[in-house]
Amino acid sequence: MLKDPHNTGARRNYAVSLFGAGDFRRALQQYKVYFKAVPEDAYMPIMADLSARRIGGREEKLLRDNIVRFAGNAWLHAGMRYLLGEITDDQLIAVAREGTVFDIIQHECEGWFWIAQVRLAAGDKSGGVLALRRCVSTGFTAFIEYEIAKVQLQRLEQE
């Protein structure tokens with residue numbers, strides 16, 4: 001399925017499953033391949049940077065090269081700005097709390113997930129666990145961030 005250039009969904013799902021399994025190096029590779037095929041998916045620069053962070057790297061250039069293209073989506077733009085260090089955790093969550101109740105729940109789930117990954121990559125296990133718990137506490141089960149957060153919490157709490 002991954003060799004079929006038209007089956008971009010399989011590549012995206014593969015990248016997500018690699019991230020969820022903790023294989024951040026391969027997830028990063030897959031996110032970047034997927035983003036080349038589907039450059040309109042603004043989540044991919046975010047997930048690529050989060051993957052890179054978890055293996056001691058960064059994807060700042062990918063974020064900077066795409067932040068202007070996605071400026072029309074306030075939430076994803078805020079996510080990119082957060083990863084570039086232009087806004088704080090509190091400012092990201094403040095943006096998450098704008099919009100409809102549905103938007104707020106979704107964005108808080110994602111926001112806390114992003115914060116968790118940044119903290120875990122920086123070696124802040126307790127801060128990462130707290131942010132993962134906040135992600136899960138949103139109850140927004142429809143997002144991969146929620147499911148990955150649950151798995152990561154189980155792993156971290158067993159250490």
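The preceding data block contains the structure.
Notes on the structure in this doc start here.

About the cut-offs
- Residues numbered from 1 in each chain as written.
- Predicted model: local features only at pLDDT ≥ 70, side-chain atom pairs only at ≥ 80, totals over all residues.
- Heavy atoms only, no water.
- Helix = DSSP H or I, 4+ residues; strand = E, 2+ residues; numbered from the N terminus.
- Rg over C-alpha atoms; globule rule 2.2 N^0.38 Å.
- Buried < 20%, exposed > 50% of the residue type's maximum accessible area, 1.4 Å probe, protein only.
- Contact = heavy atoms within 4.5 Å.
- Axes fitted to C-alpha atoms, helices over the stretch in contact; angles between N-to-C directions.
- Parallel < 35°, antiparallel > 145°, perpendicular 65-115°, else oblique.
- Left-handed = near helix turned anticlockwise from the far one by under 90°.
- Nonpolar A, V, L, I, M, F, W, Y, C, P; charged D, E, K, R; others polar.
- Salt bridge = Lys/Arg side-chain N within 4 Å of Asp/Glu carboxyl O.
- Phe/Tyr/Trp six-rings, centres within 6.5 Å; stacked < 30°, edge-to-face > 60°.
- Core = buried A, V, L, I, M, F, W, Y, C linked by side-chain atoms within 4.5 Å.

1. Things to note about the overall build of the chain
For step 1, the next point in the chain: Across its full length, the chain carries nine helices and zero strands.
For step 2, the next point in the chain: Counted from the first residue to the last, the chain has its helices and strands arranged as α-α-α-α-α-α-α-α-α.
For step 3, the next point in the chain: For 159 residues, the compact-globule formula gives about 15 Å, and the C-alpha radius of gyration of the chain, at 15 Å, lands near that figure.
For step 4, the next point in the chain: Counting only C-alpha atoms and orienting by the principal axes, one finds that the chain spans roughly 40 × 40 × 30 Å.
For step 5, the next point in the chain: The 159 residues of the chain split such that 47% are buried.
For step 6, the next point in the chain: Sequence-distant contacts in the chain: of pairs separated by 6 or more residues, those separated by 24 or more amount to 49%.

2. Overview of the side chain of Glu 59
For step 1, the next point in the chain: Within the secondary structure, Glu 59 is located in the loop between helix H3 (43–54) and helix H4 (60–67).
For step 2, the next point in the chain: Contacts of Glu 59, omitting those with residues within four sequence positions, involve Leu 28, Lys 32, Ala 48, Asp 49 and Ala 52.

3. Regarding the packing of helix H7 (residues 101–121) against helix H9 (residues 144–158)
For step 1, the next point in the chain: At a minimum axis distance of 10 Å, the contact between H7 and H9 shows a crossing angle of 40 degrees. The orientation of H7 relative to H9 falls into the category oblique. You can see that H7 and H9 cross each other, and the crossing is left-handed. Of H9, the residues touching H7 (which contributes Cys 109, Glu 110, Phe 113, Trp 114, Gln 117 and Leu 120) are Glu 145, Tyr 146, Ile 148, Ala 149, Gln 152 and Leu 156.
For step 2, the next point in the chain: Of the residues contributing to the contact of H7 with H9, the split by class is eight nonpolar, two polar and two charged.

4. Quick look at the pattern of salt bridges
For step 1, the next point in the chain: Per the stated rule, a full pass over the model turns up 15 salt bridges.
For step 2, the next point in the chain: Its salt-bridge partner being Arg 81, residue Glu 86 comes within 3.2 Å of it at the nearest N-O pair.
For step 3, the next point in the chain: Glu 86 gets classed as partly exposed once you look at its relative accessible area, which sits at 38%.
For step 4, the next point in the chain: A relative accessible area of 29% places Arg 81 in the partly exposed class.

5. Considerations on the packing of aromatic side chains
For step 1, the next point in the chain: Inspection of the entire model under this criterion finds five aromatic pairs.
For step 2, the next point in the chain: Here the aromatic rings of Phe 19 and Phe 113 are separated by 5.9 Å at their centres, their planes lie at 50 degrees, and the arrangement is tilted. With Phe 19 in helix H1 (residues 8–20) and Phe 113 in helix H7, the pair connects residues that are 94 residues apart, well separated along the chain. Just as Phe 19 is buried, Phe 113 falls in that class too.

6. With respect to the nonpolar core
For step 1, the next point in the chain: Counting 52 residues, the largest nonpolar core has Phe 19, Tyr 31, Leu 50, Leu 92, Phe 113, Trp 114 and Leu 132 as the members making the most contacts within it.
For step 2, the next point in the chain: The dominant element in this core, judged by the number of residues it contributes, is H7, at eight residues.
For step 3, the next point in the chain: The contacts of Trp 114, once residues within four sequence positions are left out, are Tyr 43, Ile 46, Leu 50, Trp 75, Leu 76, Gly 79, Tyr 82, Leu 92 and Glu 145.

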